[in-house]
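Coordinates in review
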Amino acid sequence: MERKIRVLVAKPGLDGHDRGAKVVAAAMRDAGFEVIYAGLRLTPEMIIEMAIQEDVDVIALSILSGAHMTIFPKVLKLMQENGIGDKLLTGGGIIPAEDIEKLSVLGVGKLFGPGTPTRDAIEYIKSWVAKREKK
Amino acid sequence: MNKDMERVKKRRSEWEIKKNAQAKDRDIKFITVSSEPVELMATPDTIEDFNYLRDLGFPGAYPYTRGIHYNMYRGKLWTMRQFAGFGSPEDSNKRYHYLLKKGQTGLSIAFDLPTLMGRDADDELSEGEVGVCGVSVSSLRDMEILLDGIPLDKVSTSMTINSPSAILLAFYITVAEKQGISLNKLRGTIQNDILKEYIAQKEYIFPPTESMRIVVDIMEFCTKYISQWNTISISGYHIREAGSTAAQELAFTLANGFAYVKAALERGLATDDFAPRLSFFFNAHNDLFEEIAKYRAARRIWARHMKEKYGAKNERSLLLRFHTQTAGCSLTAQQPQNNIVRVAYQALAAILGGTQSLHTNSMDETHALPSEKAVKIALRTQQILAYETGVSHTVDPLGGSYFIENLTNKIEEKAEAYFAKIEELGGVIAAIEKGYFQSEIARAAYQYQKEIENKERIIVGVNEFTDEDEIIDIPLLEIKKEVEQRQVERLQKLRKSRDSKKVETALLALGKAADSGTNLMPEFINCAKSYATLGEMINVLKEKFGEYVEPVEF
């Protein structure tokens, strides 16, 4: 049997607006992913710990508070330091285009803004995993 | 009358046969924003047992369906209250002076996430969030700067703060005292609606029971000393933003309202002493009629329950006064100028629904905090409604519409069914702990998203009428990085310069009061005066009360 794609959905930082994170988590579950919904107010360290423990392929973060330029680089750095730099870090929220570009240069995966169909994020993750498996 | 009704029914069925034979509907679902089916048309028999005096009455009279004032906006226009706050206290202070100069009539303070979560600017978890979503206030010093030059006896101030609301109120009171203003002159609102935090916005700190105690402490204190202050703004806004339907917004909000009433009664307060100072805060989403029905039903339900269940005698206890904000969740990142139009329709719903105050969102809020230009357009939208469209000249113009009355009845029935369900679960707090509200809302949010993705619901610019290769060309507000550093520096300077003995004594007294169960407000004020910080006060209480962890539902 094919292994299900495992995704950790989390909300780092202090913000509690979890509508987007939950909708995306539900859509991924319905698309056949194994979704670990980590919940709210997680530090980057906690996220990394869970990602390792749950052996996920993808970390998906929802950030609406404007703290993305602090949090994404921090999580990315910790991923590399903890030997999971080969996993995908992606996410969504209220993130201006130029910040998305800056984060992409650092190595963060695609970030999705308001109005994105959930299937875009799902297809993106699927193709990322497929590409990785070819390597 | 009855004979007339028989004739209407007969003619209606004849008409329906003709209609079905000759008219073909477009092949789409005709549903509201809340996914409720919509009737093509209502006729007198749709609301067969409609009783004007029982169901509507007159504006300013029980059950207030038509509005809470005799002459509504002829007497006084709604308050145009734009929620604002960002960056340092200096930055926000400048924005408030700007808004007051442009004709805004009330202040509305947005705090940043660290403040909302009771954390100081120099807290480890505050990194990257200081001054981003709102203004950073960690101590009385910040509040003094924030309110500098604003006459607190002349403006009414709304503060959107929940878990640490008592502390921010203590800061505000202390600044007013320093301006030489007596407390009974202060007018304003603190949101202080902790229940909806557990349900929707998730900015909780303590467990529900302890949080409710602080809420009632505030009610008790304000009833005695700041009689013009609205002690809770019972909020459906965030419930809706989290993805609920209109009926859920209405029902969960009013259920929370009744829970506060019960808690205050248990403390020994008298309904008519505190109920007049409860106010409400609703969302205005895209579905014009559904929203109007929601506001009308809200007034009627509140009045009936307060009168029949909670023994209110004072008329003011029966009045559901509410603020409205247009739906942030309805705004699109795509073609952001379209949001100006959405906001205008939503604002119209709020006015036709009889709101007391209104915030209109800015077009750019799916990208960043609003720029000055975008805020101005949002405010002008309200002014155009108020001064050009004529809608403010008349009261409840849709009252008596078969369609609207039916919609109002239906949403009221739905709310009553939810009240029964919540009761069955053991009340609001028990239902929160069981994750009931959270999963109801998550389900509705997912349903809405699926409708968009299946194109059963069209959102202009998002899943239809899209612009390929769109470039967003509106100016965005940028928060300067220095804000966090400046706030941290100011706070650390304060910690060194204040009388630390005084701070210690005040914090100790706060801890004691937490244990003994006496009212915490005087202690918060005392702490504020000593320049104890927000985080320091919250930490004392965290030790006493513990921290809440929610059940996870998605």
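The present account deals with the structure reproduced in this document.

Each value, and the rule that gives it
Residues numbered from 1 in each chain as written. Chains lettered and ligands numbered in written order. Predicted model: local features only at pLDDT ≥ 70, side-chain atom pairs only at ≥ 80, totals over all residues. Helix = DSSP H or I, 4+ residues; strand = E, 2+ residues; numbered from the N terminus. Rg over C-alpha atoms; globule rule 2.2 N^0.38 Å. Buried ≥ 20, exposed ≤ 12 C-beta atoms within 10 Å, placed from the backbone. Contact = placed C-beta atoms within 7 Å. Axes fitted to C-alpha atoms, helices over the stretch in contact; angles between N-to-C directions. Parallel < 35°, antiparallel > 145°, perpendicular 65-115°, else oblique. Nonpolar A, V, L, I, M, F, W, Y, C, P; charged D, E, K, R; others polar. Core = buried A, V, L, I, M, F, W, Y, C linked by C-beta atoms within 7 Å. Pairing = 2+ DSSP bridges. Left-handed = near helix turned anticlockwise from the far one by under 90°.

**Observations regarding the overall build of chain A**
A tally of regular secondary structure across chain A gives five helices and five strands. Each helix (α) and strand (β) of chain A, taken in turn from the N terminus, gives the series β-α-β-α-β-α-β-α-β-α. The C-alpha atoms of chain A give a radius of gyration of 13 Å, which matches the 14 Å a tight globule of 135 residues would have. Along the first, second and third principal axes, the C-alpha atoms of chain A reach 40 × 35 × 25 Å. Per-residue burial for chain A yields a buried fraction of 51% across its 135 residues.

**Quick notes on the overall build of chain B**
Within chain B, the regular secondary structure consists of 21 helices and nine strands. Here the C-alpha atoms of chain B give a radius of gyration of 24 Å, agreeing with the 24 Å that 2.2 N^0.38 yields for 554 residues. Along the first, second and third principal axes, the C-alpha atoms of chain B reach 85 × 60 × 45 Å. Buried positions account for 51% of the 554 residues belonging to chain B. The contacts in chain B between residues at least 6 apart in sequence include a share of 78% that link residues at least 24 apart.

**A look at the interface of chain B and chain A**
Interface size is often expressed as the accessible area that is lost when the parts come together. Listed as interface residues are 31 residues of chain B and, on the opposing side, 28 residues of chain A. Those elements that provide at least two residues to the side of chain B that touches chain A are α4 (113-116) and α17 (436-453) of chain B. Considering every element that reaches the side of chain B that touches chain A, the biggest residue donor is α17 of chain B, with five residues.

**Some words on the environment of Ala26 of chain A**
Note that Ala26 of chain A resides in helix α1 (residues 19-30). Considered as a pair, Ala26 of chain A and Thr118 of chain A are 92 residues apart in the sequence and their alpha carbons are 9.6 Å apart. Not counting residues up to four positions away in its chain, the partners in contact with Ala26 of chain A are Tyr446 and Phe554 of chain B.

**A word on the environment of Arg19 of chain A**
When you line up the elements, Arg19 of chain A lands in helix α1. Judged by the 21 C-beta atoms lying within 10 Å of it, Arg19 of chain A is buried. Residues Arg19 of chain A and Ser62 of chain A, 43 residues apart in the sequence, show an inter-C-alpha distance of 9.6 Å. Those residues within four positions of Arg19 of chain A in sequence are excluded, and the remaining contacts are Ala242, Gly243 and Ala445 of chain B.

**Let's talk about the packing of helix α8 (residues 208-225) of chain B against helix α10 (residues 246-267) of chain B**
All names here are of chain B. Contact pair α8 / α10: the axes reach a minimum separation of 10 Å and the direction vectors enclose 70 degrees. The orientation of α8 relative to α10 falls into the category roughly perpendicular. Together, Met212, Val215, Val216, Met219 and Glu220 of α8 and Tyr260, Ala263, Ala264 and Arg267 of α10 make up the contact between the two elements. Tallied by class, residues from the contact of α8 with α10 come to seven nonpolar, no polar and two charged.

**As for the nonpolar core**
In terms of nonpolar packing, the biggest core is built from 192 residues, with Val7, Val9 and Ile59 of chain A together with Ala170, Phe171, Phe524 and Met537 of chain B touching the most fellow members. Here Phe171 of chain B is in contact with Val137, Leu140, Met143 and Ala528 of chain B, once residues within four sequence places are set aside.

**Concerning the sheet that holds strand β6 (residues 232-235) of chain B**
All names here are of chain B. The five strands lie next to each other as β1-β9-β8-β7-β6, forming an open sheet whose pairing is parallel. Strand pairing shows two members of the sheet lacking a second neighbour, β1 (79-80) and β6, which therefore form its edges. Summarising the sheet, strand β8 (residues 322-326) and strand β9 (residues 357-359) pair through three bridges and their orientation is parallel. Its bridge partner being in β9, Gln325 is matched across the sheet by His359.

**Some thoughts on unusual backbone geometry**
Where the residue is not glycine, phi is negative for most of them; where a peptide bond is considered, it is trans in most cases. Residues and elements named next belong to chain B. Omega for the peptide link from Tyr62 to Pro63 comes to -5 degrees, which places this bond in the cis form. Summarising the element assignment, Pro63 is placed in the loop between α2 (52-56) and β1. The residue Ser35 is not glycine, and still its phi comes out positive at about 65 degrees. Along the chain, the position of Ser35 falls in the loop between α1 (2-22) and α2.

**A closer look at the packing of helix α2 (residues 44-53) of chain A against helix α3 (residues 68-81) of chain A**
All names here are of chain A. Viewed as axis vectors pointing N to C, α2 and α3 meet at an angle of 45 degrees, and their least axial separation amounts to 9 Å. Taken together, the axes of α2 and α3 are oblique relative to one another. Here α2 runs over α3; the crossing is right-handed. Of the residues in α3, those touching α2 at Pro44, Glu45, Ile47 and Ile48 are Ile71, Lys74, Val75, Leu78 and Met79. The class makeup of the residues in the contact of α2 with α3 is seven nonpolar, no polar and two charged.

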